[in-house]
Amino acid sequence: MLGRMKSVIVLLVMGFWAAGPVGAALIPIENASFEAPVVDPNSFGAMPVAEGWTELDIDTLGGTNTGVFANTPADSPDHVANADGDQLAFLGSELGNGFRQGLAATYKPGCDYRLSVGVGVSMRFPPSMVEPVDAVELVLYYLDEEQSVVDVASATVEATGLSATQLEDFSLYLAPVDSEEAWAGQTIGVAIRAMGLAGGFWTLDNVRLAESVPVSIYVENASFESPVIDPNAFSAVPYADGWIEPDVDDLSGSNTGVFANTAEESWDHTVNADGFQIAFLGSQKGNAFEQDVTATYKAGCDYRLTVAVGVSSRYQPSIEEPLDTMELVLCYYDETASVDIVARAVDARHLSIGWLQDVSVELPNVHPDDLWAGKSIGIAMRSEGLPGGFWILDDVRLTESMPTSIPIENASFETPVVDPNGFGAVPYADGWIESDVDDLSGSNTGVFANTSEDSWDHVVNADGFQIAFLGSQKGNGFEQDLPIAYEVGAQYRLTVAVGVSSRYAPSIEEPLDRLELALYYYDETESVDIAVLPVEATHLSSGRLRDYSVYLPSVHSDDLWAGKSIGIAMRSEGLPGGFWIMDHVRLAETLPAPDSTDTN
Ligand SMILES: [Ca+2]
Ligand SMILES: [Ca+2]
Ligand SMILES: [Ca+2]
């Protein structure tokens, strides 16, 4: 129940995708714009069929609840101004009517999905906008073994406020697919379902499904676990390491800081806090947490800031006029000041004591001409209210999504399957070329089984059950030559989740051990690196992996690697004695053309 509440707020995002994003990887949907069959606009103007779609129609005789119609002339009072093409779909408002389609594409582990539909209402027969309000549901589903439809995610759109002449864009967001989820690898299904009473008609057009590959961008002290508070002492401190804290309390800074979560049996315990500590933020305008992360906005990528938000058990922000609000912001710095790009306001009306709710703000598709392209990413949580209340915040997450995922064999090091009851590790990894200075037993490269959750050396954010290990000595490495070439105009991003061995961490003192992530190609004789990111062990942990990404800017036609096979590598550049651990290798590509629908 609580998990469900959490998902609802993240799912529905309006308006952002109204314009086709540059370089978005759209998964092909048959007759996505309802242009077929072609309707003769001089005759009846509508047909009770839509090619390519499975029509669920409770009018089994005439099928008059689902079909397509021709947009009227531009001077007609019911002309839909922003229709895509010449035709749209109509859908009867009664529960049981709907469109659905199984696509050729599958849910790829590690990818997230966004289904968008232009929605409007019939001018003559609009769905009910008063109680009981009619609604339409956008759905992503898959078929189980019995061929039954199983919903993966859904979002509800109510008729209230919708127009007959202007479609509004609604989106459903599906968070990254975990390889363990039942729909991983299953065929993607999209559906639009009426959820109301009979009598009205919805107008639908331009169904789009975008796939992208999100990776984490590092946020310092993202879970507010430092400074560490002694829970037996005062249990709160007025600062948080790593954050810039504007605080209207100039003297003691008591509007921003961190506190220790109370014991589980305590009345004010926060059930779903991340770790042991949480941040507090006074509700008065002028109080904030801000951070400039060490990453930049990249053209062709989407950004999403997510924060777990709650309210103080003792001093809640006002839920009556004047309503207190808090803003999540993505910003950048021009020469002189920080400039907001997108902000999302939250108020306390849907928040509850003892429970944090995920709230997200998104910046879709950075364009090369945007002022923030190439600039440092700034994130902020700012109060916009009156004094007296406190917000509580935890688990700040920043992700960057690139449109297209390129498959990598055994990307999560799940094969060969290691018997966790045996030795727990094997000295090889399927699908990878392993360079190993230990010629004899190859014990510098291989895979191991994550330990159980209660174990001291458990890796909390491993992908699946297994992780790779790599000896720190130069000469050890994993490489893979992909059956895909560097495409002119495209950018590439290789991401690996990296950590260190709990027993044998690579050296963080001189001489420093380094791990290199690289994109390479083969000229006639040897492999040549094009982009390399060195990673040091200094900020790495054995219990939590951190995403590192190496970027290759747009490939030019005269680059030597244009058209050559893509090579990816993780290589040690150090002395023997330590071990890197790594998991969840992801390669993403931005597409050169805005209208490209190639998802391979
Ligand atoms: Ca259309
Ligand atoms: Ca925390
Ligand atoms: Ca794995």
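Residues numbered from 1 in each chain as written. Chains lettered and ligands numbered in written order. Predicted model: local features only at pLDDT ≥ 70, side-chain atom pairs only at ≥ 80, totals over all residues.

A.B. asks: Got a minute to help me understand the confidence of the model for the protein chain in this structure?
C.D. replies: Detailed reading of the predicted coordinates is not advisable wherever pLDDT falls low. Residues of the protein chain with pLDDT of at least 70 account for 94%, and the chain-wide mean is 91. Long-range and interchain partners of residues 1–23, a stretch whose pLDDT sits below 50, account for 42 contacts in this model, where long-range means more than four residues apart. (pLDDT = per-residue confidence, 0-100. Contact = placed C-beta atoms within 7 Å.)

A.B. asks: Hey, could you run me through the sheet that holds strand β19 (residues 338–347) in this one?
C.D. replies: Adjacent strands of a sheet pair through backbone hydrogen bonds, lying either parallel or antiparallel. Here we have four strands laid out as an open sheet, ordered β16-β21-β18-β19, and antiparallel in their pairing. Two strands close off the open sheet at either side, each with one partner strand: β16 (288–296) and β19. On average, each strand axis in the sheet is inclined to that of its neighbour by 15°, with strand direction left out of account. (Pairing = 2+ DSSP bridges. Helix = DSSP H or I, 4+ residues; strand = E, 2+ residues; numbered from the N terminus. Axes fitted to C-alpha atoms, helices over the stretch in contact; angles between N-to-C directions.)

A.B. asks: Looking at this structure, how should I read the domain arrangement of the protein chain?
C.D. replies: How big an interface is tends to be stated in terms of accessible area lost as the parts join. We note that the domain assignment places domain 1 (2–211), domain 2 (218–401) and domain 3 (404–590) within the protein chain. Measuring from the centre of the C-alpha atoms in domain 1 to the corresponding centre in domain 2 gives 34 Å. (Domains from an automatic or database assignment.)

A.B. asks: Which parts of the structure should I look at to understand the sheet that holds strand β30 (residues 514–522)?
C.D. replies: Strand order in the open sheet made by the five strands is β25-β28-β33-β30-β31, with antiparallel pairing throughout. Each edge of the sheet is formed by a strand with only one pairing partner; in this case those strands are β25 (433–435) and β31 (527–536). Between one strand and the next, the sheet's axes are offset by a mean angle of 20°, whatever the strand orientation. Direction of pairing for β30 relative to β31: antiparallel, over a ladder of nine bridges. Across the sheet, residue L517 finds its bridge partner in β31, namely L533.

A.B. asks: Hey, could you run me through the nonpolar core in this one?
C.D. replies: Inside soluble globular proteins, nonpolar side chains tend to come together where they are buried. With 161 residues, the main nonpolar core has L91, A279, L393, A468, V498 and M582 as its most contacted residues. With nine residues, strand β12 (residues 201–217) is the largest single contributor of residues to this core. Excluding its chain neighbours within four sequence positions, the residues that come into contact with L393 are I278, A279, L281, V307, A308, V309 and M381. (Core = buried A, V, L, I, M, F, W, Y, C linked by C-beta atoms within 7 Å. Buried ≥ 20, exposed ≤ 12 C-beta atoms within 10 Å, placed from the backbone.)

A.B. asks: Whenever I open this one, the pairing of strand β6 (residues 98–106) confuses me. Can you help?
C.D. replies: Sheet faces and side chains relate simply in a regular strand, where the side chains alternate between the two faces. In this structure, strand β3 (residues 54–56) lies alongside β6, joined through three bridges in antiparallel fashion. Bridge assignment links E55 to a residue of β6, and that residue is F99. Where β6 lies against strand β11 (residues 187–194), six bridges are found, and the strand directions are antiparallel. Bridge pairing links G102 to G189 in β11.

A.B. asks: Got a minute to help me understand unusual backbone geometry in this structure?
C.D. replies: Note: most peptide bonds trans; most residues except glycine with negative phi. For the bond running from S226 to P227, omega is 5°, close enough to zero to count as cis. If you trace the backbone, P227 turns up in the loop between β12 and β13 (236–237). Cis geometry marks the peptide bond from E510 to P511; its omega dihedral reads -5°. Along the chain, the position of P511 falls in the loop between β29 (491–500) and β30. The phi dihedral of N365 falls on the positive side, at around 30°, and the residue is not glycine. Note that N365 resides in the loop between β20 (357–363) and β21 (376–383).

A.B. asks: What am I meant to see in the environment of V136 here?
C.D. replies: Relative to the helices and strands, V136 is located in strand β8 (residues 135–143). The exposure class assigned to V136 is buried, which follows from the 26 C-beta atoms found within 10 Å. Note: C-alpha distance between V136 and E94 (42 residues apart in sequence) is 9.5 Å. In contact with V136, other than residues within four places in its own chain, are L91, V119, V157, I192, R193, A194, M195 and W202.

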